[in-house]
Each structure stands twice: as structure tokens, then as C-alpha cells.
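Descriptive analysis of the structure
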Amino acid sequence: MTNDDESAEDEEQSFRERVEEIRQEQAEREDQPGGGPGMGDMMGGMGGGGNPFAQMMGGMMGGGGGGGAELDTERVVRELGRVREELRDVNENLTRIADALEDD
């Protein structure tokens, strides 16, 4: 096996590992409270949860042409959505606690 063959094999393995890593991260996010699909996922995969190959290529190319900034923006939008959901849940809990205290 030549160095080129070994290099191509290493790149393929790295790609496969990265795809699996992305899938695991998505599964973990969906399993967390408030971790359902993000805004990009609900919009037909336009967000960070889209194509793993595109994510990997964007990372390898340094985000190329503003793509990295776009992914960062989408990531912030998803995270902000999660924070809003958690805040809504906290407010509901506080309202229930306040109502229970008033009833006593």
C-alpha cells in the first residue's frame, strides 16, 4: 500500500467517524429536555442538523464564503430557542408555586 492509499483510507475513516459523531450529537440534543428539532431542522434541514457531509466540508474549508458564520448564526438561533423553552418552563413552574402558596 502506498502513502496515497493510506492517506485516502485515513480520510475516509475520519469522514465516517465525523458523520457518526454528528449523528450522536443530534441524538443527544433530541434526548435532552427541550432538545427537539431546532429551527433549521424544522425548515427542511437547512440548519446545523442538515447534511453531515456539508457540515464536514464546511469545517474543512473554514466555512468558506461566510458559511461558517451562517452555521454559527443558526446554532445561536437554535440555542436561543432552547433557552426560551427552558425559561417558559421555569415561568410555568414559578406560577404553579405562587398559586399553591396563595391557596394555603
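The structure reproduced in this document is the subject of the present report. (Residues numbered from 1 in each chain as written. Predicted model: local features only at pLDDT ≥ 70, side-chain atom pairs only at ≥ 80, totals over all residues. Heavy atoms only, no water.)

1. A short note on the overall build of the protein chain
Within the protein chain, the regular secondary structure consists of 4 helices and 0 strands. Each helix and strand of the protein chain, ordered N terminal to C terminal, gives the series α-α-α-α. By residue count, 14% of the 104 residues in the protein chain fall in the buried class. Taking the contacts inside the protein chain whose residues are at least 6 apart along the sequence as the reference set, 58% of them involve residues at least 24 apart. About 8000 Å² of surface is accessible on the protein chain, with carbon and sulfur atoms providing 52% of the total. (Helix = DSSP H or I, 4+ residues; strand = E, 2+ residues; numbered from the N terminus. Buried < 20%, exposed > 50% of the residue type's maximum accessible area, 1.4 Å probe, protein only. Contact = heavy atoms within 4.5 Å. Areas by Shrake-Rupley, 256 points an atom, 1.4 Å probe, with all protein chains shown as cover.)

2. A look at the pattern of salt bridges
Enumeration according to the criterion identifies 5 salt bridges in this entry. Between R88 and D89 there is a salt bridge whose closest N-O contact spans 3.4 Å. Exposure remark for D89: the relative accessible area of 35% places this residue in the partly exposed category. Linked through salt bridges whose partners overlap, the residues forming this network are R88, D89 and E92. (Salt bridge = Lys/Arg side-chain N within 4 Å of Asp/Glu carboxyl O.)

3. Brief notes about a nonpolar patch on the surface
Nonpolar side chains collect at one region of the surface, where L87, V90, L94, I97 and L101 lie side by side and expose about 490 Å² of accessible area between them. Within the element layout of this structure, L94 appears in helix 4 (residues 67-103). (Patch = residues over 30% accessible without salt bridge, like charges linked within 9 Å, V, L, I, M, F, W, Y side chains within 5 Å.)

4. A word on the environment of I22
Along the chain, I22 falls in helix 1 (residues 3-31). According to the relative accessible area criterion, I22 is buried, its value standing at 3%. Expressed as a C-alpha distance, the spacing of I22 and F53, which sit 31 residues apart in the sequence, is 9.8 Å. Sequence-distant contacts of I22, defined by excluding residues within four places in its chain, comprise P52 and Q55.

The values are spatial; any link to function lies outside them.
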